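# Structure at a glance
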Protein chains: 2
Amino acid sequence: MTQKPSAKPRKTASTAAGARKAGRGPARTDMAGIAAVDGGADVEQRIYQSVFDGVLNQRLPPGTKLPEPALCSLFGVSRAVVRKVLQRLEHDRIVELRPNRGAVVAAPTPEETRKIFEARRALEAALVELAVQRHSGKDIEELHALLHQEEEAMANAYQPAWAQTARNFHLRVAALGGNPILLAYLTELISRCSLIVALYEPAGNAACEHEEHCDIVDAISKGDAKRAVAAMNAHLVGLEERICLERPSSVKTLAQMLNLA
Amino acid sequence: MTQKPSAKPRKTASTAAGARKAGRGPARTDMAGIAAVDGGADVEQRIYQSVFDGVLNQRLPPGTKLPEPALCSLFGVSRAVVRKVLQRLEHDRIVELRPNRGAVVAAPTPEETRKIFEARRALEAALVELAVQRHSGKDIEELHALLHQEEEAMANAYQPAWAQTARNFHLRVAALGGNPILLAYLTELISRCSLIVALYEPAGNAACEHEEHCDIVDAISKGDAKRAVAAMNAHLVGLEERICLERPSSVKTLAQMLNLA
DNA sequence: GATCATAAAATCGTCGACGATTTGAAGAAA
DNA sequence: TTTCTTCAAATCGTCGACGATTTTATGATC
């Protein structure tokens, strides 16, 4: 019944992961359906991704408690590994770790939201400027392919899929900048933005966003740094405004405020 | 003999911290004299700071192994807490954590160095621009006070103290930007830069740097965003160039390459 | 003497356990 | 009924231990 650190077939899956699936229901919003398909892949990353996806898909609203024992039995690991994942989630601002009081899903305030978008504008502006300098013809082709994917996702009208493609677009543009450090920071910020967007109800203006994405690609392909930066900034400002306007205290937000306690 | 999580007087200090000070000397560079004054303060932060300072002061050259058992006995804590600190140090790129092979002090490559400075230019440019918009008269006074501290540190000609004041200056300017997120990112980058500067020998051009700092403050105080950004950029480019030029394979660097293995 | 195989030591990853803190509820007093 | 006290359950922080991996030392072979 011992544990092996590497990627090998382990018996822990039969021990706990399949033990309880969705049996309990203790009144408040808890985390049912977090555990994914339970493949034999890297446990640590699987836990992280499960929580992350749960937050992004509203299954884990802000303020939801994430007790270590629950995660342990859900994923069939000891508290050591759960604890490590929680620490990483805290550093990425997905959860908040209160000393002696456990982890809860982070609840960004309006003030934080503003700062996040401000930081994102600064980073993406710098990165598109670099992208204009360093992009190649093949890069533009790939961006056009991404834009095409966006159109497909829009046609399907399935919000999570659209959000995913939009995220991909921004990350790909940023990758053209060729700076892994700035890219890592931006990845973090985009995650937090996605969290916020998911929180404040999906703003359905996909068509509008897609247009702006096209603008950005066009400016990059023409080597017009000034216009590329301006387009990116306008896009992000618009995104923030749409988010801020689209939350006149909806029903779901009220419930979230309640269990925030 | 149990452990208390809060800040209380504990007997561990007598158990291990005073056990070995600088007794051993196992051939290679190891970490003698890491443990600081051993105050009763927060253990976690103390370990972090000790390693950080050790790296900054060349006592822990890149590639130095940091075995968990050694740190445990040095600070009188169990591996759990040491492990947590190491994970944080890894995230801040101070150490590298190789699976099953332990932690070593990070050794930034020239390529990484370039990217770090590029990222830092992007962040500081954005932040000074914000600083120009948001600064008040009192802020300028405080900056002038910092500049005065720099002059004193220069007069003393004690490199670590000077580096500290220079770091402070940049962080204070960044703080004027009023964006905690960007400030946190920049803090991380400045730490890495300090590490690199310490690695590639202290470049003694303090007077030159100080002049440029004064330029930046002047531009901010006059509300000239364009010039402030330009001055900051020029300052950072100069800093990078001086670093890159000042390492024609010094004796110390060669030794570092050896124990890097 | 150098190279390779083997064994011992050191070190890492994970686990279960213990005490301490917090949380939640039951019961007494106003 | 409301509020406060007391107590039990849940949860967190830290520790020591065990197996697995890596590293180092030892000895055999060419």
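Below, the structure is looked at part by part. Remember, predicted model here, so these are calculated numbers, not experimental data.

### Description of the overall build of chain A
In terms of regular secondary structure, chain A is built from eleven helices and three strands. By residue count, 46% of the 261 residues in chain A fall in the buried class. The long-range fraction of contacts in chain A, counting pairs at least 24 apart against all pairs at least 6 apart in sequence, stands at 73%. Element-wise, carbon and sulfur atoms account for 56% of the exposed surface of chain A, whose accessible area totals about 13,400 Å².

### Considerations on the sheet that holds strand 1 (residues 65-66) of chain B
All names here are of chain B. Ordered by their spatial adjacency, three strands build an open sheet running 1-3-2, and the pairing between neighbours is antiparallel. A strand with exactly one partner marks an edge of an open sheet, and here the two such strands are strand 1 and strand 2 (95-98). Across two bridges, strand 1 lies against strand 3 (residues 102-105) in antiparallel orientation. Looking at the pairing, Leu66 lines up with Ala103 of strand 3.

### Some thoughts on the sheet that holds strand 3 (residues 102-105) of chain A
All names here are of chain A. The strand order across the open sheet formed by three strands is 1-3-2, and the pairing between neighbours is antiparallel. Each edge of the sheet is formed by a strand with only one pairing partner; in this case those strands are strand 1 (65-66) and strand 2 (95-98). Of the pairings in the sheet, the one linking strand 2 to strand 3 comprises four bridges and is antiparallel in character. Bridge pairing in strand 3 places Arg98 opposite Gly102. On top of the sheet, helix 4 (residues 79-91) reaches strand 1, strand 2 and strand 3; it is set at about 115 degrees to strand 2, its chief contact.

### Quick notes on helix 7 (residues 159-176) of chain B
Residue and element names in this part refer to chain B. Given a rise of 1.5 Å per residue, 18 residues ought to cover 26 Å, and the 26 Å separating the end C-alpha atoms of helix 7 matches this to within 8%. Buried within helix 7 are the following residues: Trp162, Thr165, Ala166, Arg167, Phe169, His170, Val173, Ala174 and Leu176. Looking one or two residues beyond helix 7, the residue adopting positive phi is Gly178, at roughly 75 degrees.

### What about the interface of chain A and chain B?
In this complex, chain A contributes 24 residues to the contact, which on the side of chain B involves 24 residues. A combined buried area of about 2,000 Å² lies between chain A and chain B, and 55% of that area is made up of carbon and sulfur atoms. Of all residues in chain A, Gln87, Ile181 and Tyr185 of chain A give up the largest surface area on contact with chain B, accounting jointly for 28% of the area buried on that side. Here chain A and chain B share two salt bridges between them. The residue Arg134 of chain A makes a salt bridge to Glu118 of chain B at a minimum N-O spacing of 2.5 Å. Joining chain A to chain B, the criterion identifies eleven residue pairs in polar contact (both at pLDDT 80 or more). Of all the secondary structure elements, the ones that give two or more residues to the side of chain A that touches chain B are helix 4, helix 5 (110-134) and helix 8 (180-199) of chain A. Among the elements that make up the side of chain A that touches chain B, the one with the highest residue count is helix 5 of chain A (nine residues).

### With respect to the packing of aromatic side chains
Taken as a whole and judged by the stated rule, the model has three aromatic pairs over all chains. With centroids separated by 6.3 Å and ring planes inclined at 15 degrees, the aromatic side chains of Tyr48 of chain A and Phe52 of chain A adopt a geometry described as stacked. A residue pair is termed a helical-turn pair when its members lie 3 or 4 positions apart in one helix, as Tyr48 of chain A and Phe52 of chain A do in helix 2 (residues 43-56) at four residues. Residues Tyr48 of chain A and Phe52 of chain A agree in their burial class; the two are buried. Ring centres 4.0 Å apart and planes at 10 degrees place the aromatic pair Tyr185 of chain A and Tyr185 of chain B in the stacked group. On the criterion of chain membership, the pair formed by Tyr185 of chain A in helix 8 and Tyr185 of chain B in helix 8 (residues 180-199) is interchain, its members lying in two chains. This pair shows no difference in class: Tyr185 of chain A is buried, exactly as Tyr185 of chain B is.

### Some details on the packing of helix 5 of chain A against helix 8 of chain A
Residues and elements named next belong to chain A. Between helix 5 and helix 8, the shortest axis-to-axis distance is 10 Å and the interhelical angle comes to 140 degrees. Comparing the axis directions of helix 5 and helix 8 gives the class oblique. Helix-helix and strand crossings are classified by hand; for helix 5 and helix 8 the assignment is left-handed. Taking contact as the criterion, the partners of Glu112, Thr113, Ile116, Phe117, Ala119, Arg120, Leu123, Glu124, Leu127 and Leu130 in helix 5 are, on helix 8, Leu182, Tyr185, Leu186, Leu189, Ile190, Arg192, Cys193 and Ile196. Taken together, the residues of the contact of helix 5 with helix 8 sort by class into 13 nonpolar, one polar and four charged.

### What about the relation of the copies chain A and chain B?
Mapping chain A onto chain B is achieved by rotating through 180 degrees and translating by 0.1 Å along the same axis, at an RMSD of 0.1 Å. Both copies are brought into coincidence by an operation consistent with a two-fold rotation axis. A shared interface surface links the copies, since 100% of the contact residues of chain A are contact residues in chain B too.

So, how was this worked out
- Residues numbered from 1 in each chain as written.
- Chains lettered and ligands numbered in written order.
- Predicted model: local features only at pLDDT ≥ 70, side-chain atom pairs only at ≥ 80, totals over all residues.
- Heavy atoms only, no water.
- Helix = DSSP H or I, 4+ residues; strand = E, 2+ residues; numbered from the N terminus.
- Buried < 20%, exposed > 50% of the residue type's maximum accessible area, 1.4 Å probe, protein only.
- Contact = heavy atoms within 4.5 Å.
- Areas by Shrake-Rupley, 256 points an atom, 1.4 Å probe, with all protein chains shown as cover.
- Pairing = 2+ DSSP bridges.
- Axes fitted to C-alpha atoms, helices over the stretch in contact; angles between N-to-C directions.
- Expected span 1.5 Å × (residues − 1).
- Buried area = accessible area lost by both parts, 1.4 Å probe.
- Salt bridge = Lys/Arg side-chain N within 4 Å of Asp/Glu carboxyl O.
- Polar contact = N/O pair within 3.5 Å; in protein donor to acceptor, adjacent residues only side chain to side chain.
- Phe/Tyr/Trp six-rings, centres within 6.5 Å; stacked < 30°, edge-to-face > 60°.
- Parallel < 35°, antiparallel > 145°, perpendicular 65-115°, else oblique.
- Left-handed = near helix turned anticlockwise from the far one by under 90°.
- Nonpolar A, V, L, I, M, F, W, Y, C, P; charged D, E, K, R; others polar.
- Least-squares fit on C-alpha atoms with pLDDT ≥ 70 in both.

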